[in-house]
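Structure assessment
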Amino acid sequence: MCLHTLFGHTSTVRCMAMSGDTVISGSRDATLRMWNISTGVCTHILVGHLAAVRCVQYDGHKIVSGSYDYMVKVWDPVTSQCLHTLQGHTNRVYSLQFDGTHIVSGSLDTTIRVWNAESGHCLHTLVGHQSLTSGMELKKNILVSGNADSTIKVWDISSGHCLHTLQGSDKHQSAVTSLQFNDKFAITSSDDGTVKLWDIRTGDFIRNLVTLSSGGSGGVVWRVQCSEKKLVCAVGSRNGTEDTKLLVLDFDA
């Protein structure tokens, strides 16, 4: 049952983040909107970006947004005021992570920047990828980044050092589309139609979890979500070579 339909944005909604009964939406109309999902009411409109808002994070205390205007903004959700504008990227910002202390932004300029959320200062610029960082995950100062250059990197954001690059003869052959990791393993999906399992501590390839027969000719694994025992993969293609479907794998089977 649909509870509410939230109208207000004047162009495509590209990103969302939710905490409690509040959802934040970011749009190509260059604004963010705060909504109460219990009432369906828009409580604030955040204005300040100069181009499409591509990514957003919200922890219940601060809102962080990244935009095609090359900027990252930190907002107060109570007053809707912009607290910081983080400038340094030289191209569009596509991905964000926020743990309450650090903000991590990935850009088409090939760099990843680590910021102090309280002061707005840039702590580190992570250099090594060759293209767009499309997906990241941050846990306990360890960042795993997936890139359109087909590689995955493991970083220590406290030092700014790259710990591992997940590549070699078994690396992805096309852009990385999504990833997840824990303290032992990383699971990554790609435009090449595979899902791979890696040792996060050594950077070594373990095995392919999914290999589409149409991989390399159009088949894509768009997204992965996993728990300790299950893996769900969103599969499809750009040219009709693979049916759109979800694959569910059982690690215990």
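Attention in this report is confined to the structure presented alongside it. All figures in this text were calculated on a predicted structure; none of them were measured in a lab.

**Re unusual backbone geometry**
At Ala30, a position not held by glycine, the phi torsion is positive, near 80°. Here Ala30 lies in the loop between strand E2 (22-27) and strand E3 (31-36). Using a relative accessible area of 13% as the deciding quantity, one classes Ala30 as buried. Positive phi is not limited to glycine here, since Tyr70 has a value of about 80°. With respect to the element layout, Tyr70 can be found in the loop between strand E6 (63-67) and strand E7 (72-75).

**Some words on the side chain of Ser237**
Inspection of the secondary structure puts Ser237 in strand E22 (residues 230-237). Given a relative accessible area of 19%, Ser237 falls into the buried group. Only 3.2 Å separates the side chain of Ser237 from the backbone nitrogen of Thr241, close enough to count as a polar contact. Here Glu242 takes part through its backbone nitrogen, which lies 3.3 Å from a polar atom of the side chain of Ser237. Contacts of Ser237, omitting those with residues within four sequence positions, involve Gly218, Gly219, Val220, Trp222 and Glu242.

**Side note on the sheet that holds strand E14 (residues 142-147)**
What the four strands build is an open sheet, ordered E13-E14-E15-E16; its pairing is antiparallel. Across the chains shown, the open sheet's two edge strands, defined by having one partner strand only, are strand E13 (133-139) and strand E16 (161-166). Geometrically, the sheet is characterised by an average inter-axis angle of 20° between neighbouring strands, direction not taken into account. In this sheet, strand E15 (residues 152-156) lies alongside E14 in antiparallel orientation, the contact comprising five bridges. Its bridge partner lying in E15, Gly146 is registered against Ile152.

**Overview of the pairing of strand E12 (residues 122-126)**
Pairing between strand E11 (residues 112-116) and E12: four bridges, direction antiparallel. Counted as the bridge partner of Trp115 is Cys122 from E12. Where E11 hands over to E12, the hairpin turn is made up of five residues, of which Gly120 adopts a positive phi near 80°.

**Quick look at the sheet that holds E3**
One open sheet holds the four strands; their spatial order is E1-E2-E3-E4, and the pairing between them is antiparallel. The sheet is open, and its two edges are formed by strand E1 (13-19) and strand E4 (41-47), each paired on a single side. Between one strand and the next, the sheet's axes are offset by a mean angle of 20°, whatever the strand orientation. When E1 meets E2, the two strands line up antiparallel, connected through six bridges.

**Comments concerning the packing of aromatic side chains**
Under the definition given, this model contains two aromatic pairs. Relative to Tyr94, the ring of Tyr68 has its centre 5.3 Å away and its plane inclined at 45°; by these criteria the two rings are tilted. Here Tyr68 is found in the loop between E6 and E7, whereas its partner Tyr94 is found in strand E9 (residues 93-98), with 26 residues between them in sequence. Across this residue pair, the class does not change: Tyr68 and Tyr94 are buried.

**Re the side chain of His89**
Its place among the elements puts His89 in the loop between strand E8 (82-86) and E9. One polar contact links His89 to Asp109, side chain to side chain, over a distance of 3.0 Å. Within the structure, His89 has its side chain in polar contact with the side chain of Thr111 (distance 3.4 Å). Sequence-distant contacts of His89, defined by excluding residues within four places in its chain, comprise Tyr70, Ser105, Ser107, Asp109, Thr111 and Arg113.

About the thresholds
- Residues numbered from 1 in each chain as written.
- Predicted model: local features only at pLDDT ≥ 70, side-chain atom pairs only at ≥ 80, totals over all residues.
- Heavy atoms only, no water.
- Helix = DSSP H or I, 4+ residues; strand = E, 2+ residues; numbered from the N terminus.
- Buried < 20%, exposed > 50% of the residue type's maximum accessible area, 1.4 Å probe, protein only.
- Polar contact = N/O pair within 3.5 Å; in protein donor to acceptor, adjacent residues only side chain to side chain.
- Contact = heavy atoms within 4.5 Å.
- Pairing = 2+ DSSP bridges.
- Axes fitted to C-alpha atoms, helices over the stretch in contact; angles between N-to-C directions.
- Phe/Tyr/Trp six-rings, centres within 6.5 Å; stacked < 30°, edge-to-face > 60°.

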